[in-house]
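Residues per chain are reported as follows:
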Amino acid sequence: MTKPGMPALAKRVTGLAGSATVEMSERVRQLQAAGRKILPLASGDPGLPTHPDIIAAAHRAMVDGLTHYGPAAGLPALRQAIAARLTERSGVAYGPPEVLVTPGGKFAVFAAMLSVLEAGDEVVLLDPCWVSYGPCVRLFGGVPVPVPTLDGMDVDRMAAAVTPRTRMIVVNSPVNPTGRVLGRDELAALLAIAERHDLWLLFDQVYADMVFAPATYCALQSLEGAKGRTLVADSLSKTYGMTGWRVGYLAAPEGAVKAALKAVQHSIYCVPPFIQAAAEAALKLPQSVVDGYAELFRRRRDRGVTGLNRVRGIRCACPPATFYLFPDIQGDDRAVASEWLDVLSIAALPGSAFGPAGAGHLRLSLACSDEVLEEALARLTAHYGRQE
Ligand code: PLP
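Fair warning: this is a prediction, and the values are worked out from it, not measured in the lab.

Cut-offs and rules
- Residues numbered from 1 in each chain as written.
- Predicted model: local features only at pLDDT ≥ 70, side-chain atom pairs only at ≥ 80, totals over all residues.
- Heavy atoms only, no water.
- Pairing = 2+ DSSP bridges.
- Helix = DSSP H or I, 4+ residues; strand = E, 2+ residues; numbered from the N terminus.
- Axes fitted to C-alpha atoms, helices over the stretch in contact; angles between N-to-C directions.
- Contact = heavy atoms within 4.5 Å.
- Parallel < 35°, antiparallel > 145°, perpendicular 65-115°, else oblique.
- Nonpolar A, V, L, I, M, F, W, Y, C, P; charged D, E, K, R; others polar.
- Buried < 20%, exposed > 50% of the residue type's maximum accessible area, 1.4 Å probe, protein only.
- Right-handed = clockwise from strand over helix to strand, strands pointing away.

**Concerning the sheet that holds strand β4 (residues 143–148)**
In a beta sheet, neighbouring strands pair by backbone hydrogen bonds and run either parallel or antiparallel. What the seven strands build is an open sheet, ordered β2-β8-β7-β6-β5-β3-β4; its pairing is mixed. Edge positions in the sheet fall to β2 (99–102) and β4, since each of these pairs with one other strand and no more. Strand after strand, the sheet turns through a mean of 20° between neighbouring axes, direction not considered. Across four bridges, the pairing between β2 and strand β8 (residues 248–251) is antiparallel. Across the sheet, T102 pairs through a bridge with G248, a residue of β8. Packed onto the sheet, helix α10 (residues 254–265) meets β2, β6 (200–204), β7 (230–235) and β8 and runs at close to 30° relative to β2.

**Considering the packing of helix α5 (residues 104–116) against α10**
As a packed pair, α5 and α10 sit with axes 9 Å apart at the nearest point and diverge in direction by 110°. Between α5 and α10, the angle is such that the two are roughly perpendicular. For the pair α5 and α10, contact is made by F107, A111, L114 and S115 and by A256, A259, A260, A263 and V264, respectively. Residues belonging to the contact of α5 with α10 are distributed by class as follows: eight nonpolar, one polar and no charged.

**Concerning the sheet that holds strand β12 (residues 362–365)**
Taken in spatial order, the three strands make up an open sheet running β9-β12-β11, and their pairing is antiparallel. Among the strands making up the open sheet, the edge pair consists of β9 (324–325) and β11 (349–350). Across two bridges, the pairing between β9 and β12 is antiparallel. Its bridge partner lying in β12, L325 is registered against L364. Set on the sheet, helix α13 (residues 333–344) makes contact with β11 and β12; between it and β12 the angle comes to about 40°.

**Focus on the environment of E388**
In this structure, E388 sits in the segment after α14 (370–384). Judged by its relative accessible area of 84%, E388 is exposed.

**A look at the pairing of strand β3 (residues 122–127)**
Extensive coverage of β3 is indicated by the burial of six of its six residues. Where β3 meets β4, six bridges bridge the pair, whose relative direction is parallel. Of the residues in β4, the one forming a bridge with L126 is V147. For the segment spanning β3, helix α6 (residues 133–139) and β4, crossover handedness is right-handed. Here β3 pairs with strand β5 (residues 166–172) via four bridges, running parallel. Opposite V124, over in β5, you have I169 as the bridge partner.

**Structural notes on unusual backbone geometry**
Across the junction of D127 and P128, the peptide omega takes the value 5°, indicating a cis bond. Topologically, P128 is positioned in the loop between β3 and α6. With omega at -5°, the peptide bond leading from S173 into P174 counts as cis. Tracing the sequence through the fold places P174 in the loop between β5 and α8 (184–197). With a phi close to 50°, D198 is a non-glycine residue in the positive phi region. Take D198: it is sitting in the loop between α8 and β6. Taking relative accessible area as the criterion, D198 reaches 60% and is therefore assigned exposed.

By themselves, these observations are geometric and do not establish any function.
Written as structure tokens, this is what we have:
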């Protein structure tokens, strides 16, 4: 018997929660299209204009004919440049065979999980964490296991979360949404757990160039013995204001790169070669360019933290990295985020969208103009009053 309507969809996608960040962006766009002036403090896009050298490199590459399929793992020159950068930054030698160019850090995370997770595997997440880890784990039939780590890590609690089904721990530093930077001791404790139980470590370092005191930053793969079990996800999106270019990479043991490469060949094939040429140009920019972006966000962080701490009922810690603030708003974060949007026309994300440990907080993005930040602070002060 024929059935009317659409055939059934796969449960692995129908059961997924949408991305809170993408959904908020859509909502803001709709409100703006309807004529509402919204102060956008929800964006994960640093909003930096792409540097003209990067744009010129893409143009040149297109004119030169880099408009066809390219090598699936990435252009040799870009893989080389990425490996050199990783080596320089982590102090551990990386070679081009250990690098896979991906469409953004998101796909690097996706490819890493695709390559190592089996259905039923458990993946430990440091809660609160980026909204896509959990859904990505579920896409591959895995089970996310969030462990609360809002202000710090309880090593015993972390160790207790590991079961015989655990396959991976996802580590993100600096952390989205809190801006926290994981210390060497915390990373060493995670590595020790991974070694004891023979686990993969997925290390997401997409905000590594936005640490305000770079000497305090430690990359997981730089710890002795870590490289062989670490899958590094990184991206040019945040560092260079290249979110729309969709270019990032996975750096991993050669065997894992080869496994991920098969999936790339059968899906996206490759990142567009002219985009890769642009990425290579980005990596060649002087460090002062990247430092300038970080300085912009450091200044805005200082202004934001000071201003928020003057608002009654809000307490905001000063994050050492990223362009996010994660104030404690001492209430139901989803209700408060809705109130901010509906009453104050300020878009912010509820902290619980990043995991249960984020409840009671909002994630504010400083990827706005200074004027928008000032206006938002003024509206919040007028609405809640000044802190006594
Ligand atoms: N990892 C984290 C922690 C992020 O916050 C994001 C973006 O918001 C990504 C990865 C992926 O970014 P992209 O795919 O643009 O590189």
